[in-house]
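# Tertiary structure, described
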Amino acid sequence: MNRTGAHLHVSLEGAIGENTPMFTLPMENTQELTLDLGKVTYINSIGVRQWILWTLKIPPDCAVKMVNCPFVFSSQASMVVGFMTKNMTMESLWLPYACENCKFEDSYLAKRGTDYEYPSAGQPSRVSIPEQKTCPKCKTDNLETDFLRDKVFKFLNLARL
Ligand SMILES: [Zn+2]
């Protein structure tokens, strides 16, 4: 955890559950929170509930920017109403890819602005992630998205309700 003036930077690790220290973090006078979720491995149902309770404590004028979100996390954000409030954005997330040819599994860090964007000023949300990539193992162009795109990116619209 790192605080620079009104900007707080927090990295989370391991499973998000009942005792995740961030849930008791004082948020007063924080205008921006950057949450690095790159080392989060899992979130259980208690973690989801605690997370939602925590979002209610975030000051309304505080922007929460989440980076390196693992797939387990973005999946929750797309399934659970209330997981994200309107001042929270996912700035980057890891997506699973698998090779149809040699079964190699890879992941791709999708970034807001390049690969997807939230709806704004009358513009709908946008997703333009690569559907197919070159497999680093067998070198064919058979590395494909290993998830349902419409499902995974639901959070783009859920968060703004
Ligand atoms: Zn391959």
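None of these values were measured; they are calculated from a predicted model. (Residues numbered from 1 in each chain as written. Predicted model: local features only at pLDDT ≥ 70, side-chain atom pairs only at ≥ 80, totals over all residues. Heavy atoms only, no water.)

Next up on the list: the sheet that holds strand S6 (residues 92-99). With antiparallel pairing, the 4 strands of this open sheet are ordered in space as S7-S6-S11-S10. Whereas interior strands pair on both sides, the edge strands pair on one side only; in this sheet they are strand S7 (105-111) and strand S10 (132-133). For S10 and strand S11 (residues 143-145), the ladder comprises 2 bridges, and the chain directions are antiparallel. Its bridge partner being in S11, Gln 132 is matched across the sheet by Glu 144. (Pairing = 2+ DSSP bridges. Helix = DSSP H or I, 4+ residues; strand = E, 2+ residues; numbered from the N terminus.)

Our focus in this paragraph is the pattern of salt bridges. Oppositely charged side chains can pair when the atoms bearing their charge come close. As enumerated under the stated definition, the model contains 3 salt bridges in all. A salt bridge links Glu 91 to Arg 112, with the nearest nitrogen and oxygen atoms 2.9 Å apart. Of the two residues, Glu 91 is situated in the loop between strand S5 (88-90) and S6 and Arg 112 in the loop between S7 and strand S8 (116-117); the sequence distance between them amounts to 21 residues. Across the salt bridge formed by Arg 112 and Glu 117, the nearest N and O atoms sit 2.7 Å from each other. Residue class for Arg 112 comes out partly exposed when judged on its relative accessible area of 28%. The class for Glu 117 is partly exposed, based on a relative accessible area of 23%. If you follow the salt bridges from partner to partner, you end up with Glu 91, Arg 112 and Glu 117 in one network. (Salt bridge = Lys/Arg side-chain N within 4 Å of Asp/Glu carboxyl O. Buried < 20%, exposed > 50% of the residue type's maximum accessible area, 1.4 Å probe, protein only.)

Protein-derived coordination of the zinc ion comes from Cys 99 (SG), Cys 102 (SG), Cys 135 (SG) and Cys 138 (SG), at a distance range of 2.3 Å. Coordination at the zinc ion comes from 4 donor atoms whose angles at the metal span 107 to 115 degrees, giving a geometry best classed as tetrahedral. Each donor residue of the zinc ion belongs to the same chain, with the gaps between them written as C-x2-C-x32-C-x2-C. Exposure remark for Cys 135: the relative accessible area of 1% places this residue in the buried category. With a relative accessible area of 25%, Cys 138 lands in the partly exposed category. (Donors = N, O, S within 2.8 Å, 3.2 Å for Na, K, Ca; no water. Tetrahedral: all angles 85-135°; square planar, octahedral: opposite > 155°, others 65-115°.)

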